[in-house]
Amino acid sequence: MNLLGYTRSPRAIPFLLEHAIQDHEWHPRWRAIWALSSVDDGSVVERLRAGLRNSTGLRRRNLAGYADPATSRQVLRLYRHEKHSDIRCEMVRALEGVGTAEVEGFLRRRVRDRDPEVRSAAAQVLAATFNGRSRAYLQQRRRRETDREVRRVISEALTHADRAVV
C-alpha cells in the first residue's frame, strides 16, 4: 500500500478504495487510507463515502473513532447484532479510554463472553481504562477462566495496568 501512495498516481485509487473499505485486516485498511490521501485527485472523499454507504458489516468496522463517547454509544447499541467475532473484538477495543459506568458494565459482561478472543480484548480494555477499579474483578475472572491464553492475557493486562498507575 505504501508504494502506491508514494507513486502519487490516481490510477491506484480504485485498488486503494477497495482495500480501505473491504480488507479484513486493519493494517492494510489503515495503510490504504494513508495512500489514498497521497494519490487523491479530488475524488477520493466522495468515492470513499459512496463506498462506505454501499458496504455493510465487516467492511465498515474500523472507520469510527476510538475512545470517543459517541462511538461508545454506537458500539453498545450495535454490539448484540454483530455476528462476526473479529468485529465484536474490534468493537470492544473501540471502548478503550471511555470511562463511563455503562462501558465498565459492558466490558465486565464481555470478560464472561463465550468467545475467548472477546474475553481477552475485554480484559485488556477493562484493565487499561479502569485500572484499580477493575483489578479485583479481573483477578477473580482470571481464577475462573478456563482458557489458558485468556488467563495469560488477563495477567498481562493487570501487569500493564499496574505499571501505568506507578
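To continue, consider helix α2 (residues 13-22). Among the residues of α2, I13, L16, L17, H19, A20 and I21 are the ones counted as buried. Residues of α2 that are buried in the fold lie against α1 (2-7), α3 (26-39) and α4 (44-53).

The next subject is α3. For α3, spanning 14 residues, the distance from its first C-alpha to its last is 20 Å, which sits close to the expected 20 Å at 1.5 Å a residue. The elements touched by buried residues of α3 are α1, α2 and α4.

Considering the arrangement of structural elements, one finds R110 in helix α7 (residues 101-110). Setting aside its immediate chain neighbours within four residues, R110 contacts Y79, V92, V118, R119 and A122.

What follows covers the confidence of the model for the protein chain. Scored by pLDDT, the protein chain has a mean of 86; 91% of the residues are at 70 or more. Scored below 50 in pLDDT, residues 57-61 makes 16 contacts in the model with residues more than four places away or belonging to other chains.

Looking now at the nonpolar core. Burial of nonpolar side chains together is a common tendency in soluble globular proteins. The biggest cluster of nonpolar side chains holds 29 residues, and the ones touching the most others in it are V92, L95, L107 and L138. Contributing elements (two or more residues each) for this core: α5 (69-78), α6 (85-93), α7, α8 (116-144) and α9 (148-165). With 10 residues, α8 is the largest single contributor of residues to this core. Ignoring any residue separated from it by four or fewer positions in sequence, one finds V92 in contact with Y79, F106, L107, R110, V118, A121, A122 and V125. Within the second largest apolar cluster, 13 residues are counted, among which are L17, A32, L48 and L52.

For the coordinates displayed, the defined rule picks out eight salt bridges. E90 is the partner of R93 in a salt bridge, and the nearest nitrogen-oxygen pair spans 3.8 Å. Note that R93 and E90 are positioned in helix α6 at a spacing of three residues, about one turn of the helix. Overall, the relative accessible area of 12% leaves E90 in the buried class. For E145, the salt bridge identified is with R119, shortest N-O distance 2.8 Å. With E145 in the loop between α8 and α9 and R119 in helix α8, this pair connects stretches of sequence that are 26 residues apart. Overall, the relative accessible area of 7% leaves E145 in the buried class. Connected through shared salt-bridge partners, E104, R108 and R133 make up one network.

Take the packing of aromatic side chains next. As enumerated under the stated definition, the model contains two aromatic pairs in all. Relative to W34, the ring of Y6 has its centre 5.5 Å away and its plane inclined at 75°; by these criteria the two rings are edge-to-face. Of this pair, Y6 sits in helix α1 while W34 sits in helix α3, placing them 28 residues apart in sequence. Classification of W34 by relative accessible area gives partly exposed; the value is 30%. Their ring planes at 90° and their centres at 5.0 Å tell us that Y79 and F106 sit as a pair that is edge-to-face. Note that Y79 is positioned in the loop between α5 and α6 and F106 in helix α7, a separation of 27 residues in sequence. As far as the burial class goes, Y79 and F106 line up, both buried. Looking at R108, its charged tip hangs above the ring of Y137, at a distance of 4.4 Å from the centre. If you follow R110 out to its NZ or CZ, it ends over the ring of F106, 4.6 Å from the centre.

What counts, and at which threshold
- Residues numbered from 1 in each chain as written.
- Predicted model: local features only at pLDDT ≥ 70, side-chain atom pairs only at ≥ 80, totals over all residues.
- Heavy atoms only, no water.
- Buried < 20%, exposed > 50% of the residue type's maximum accessible area, 1.4 Å probe, protein only.
- Helix = DSSP H or I, 4+ residues; strand = E, 2+ residues; numbered from the N terminus.
- Contact = heavy atoms within 4.5 Å.
- Expected span 1.5 Å × (residues − 1).
- pLDDT = per-residue confidence, 0-100.
- Core = buried A, V, L, I, M, F, W, Y, C linked by side-chain atoms within 4.5 Å.
- Salt bridge = Lys/Arg side-chain N within 4 Å of Asp/Glu carboxyl O.
- Phe/Tyr/Trp six-rings, centres within 6.5 Å; stacked < 30°, edge-to-face > 60°.
- Lys NZ or Arg CZ within 6 Å of the ring centre and 35° of its normal.

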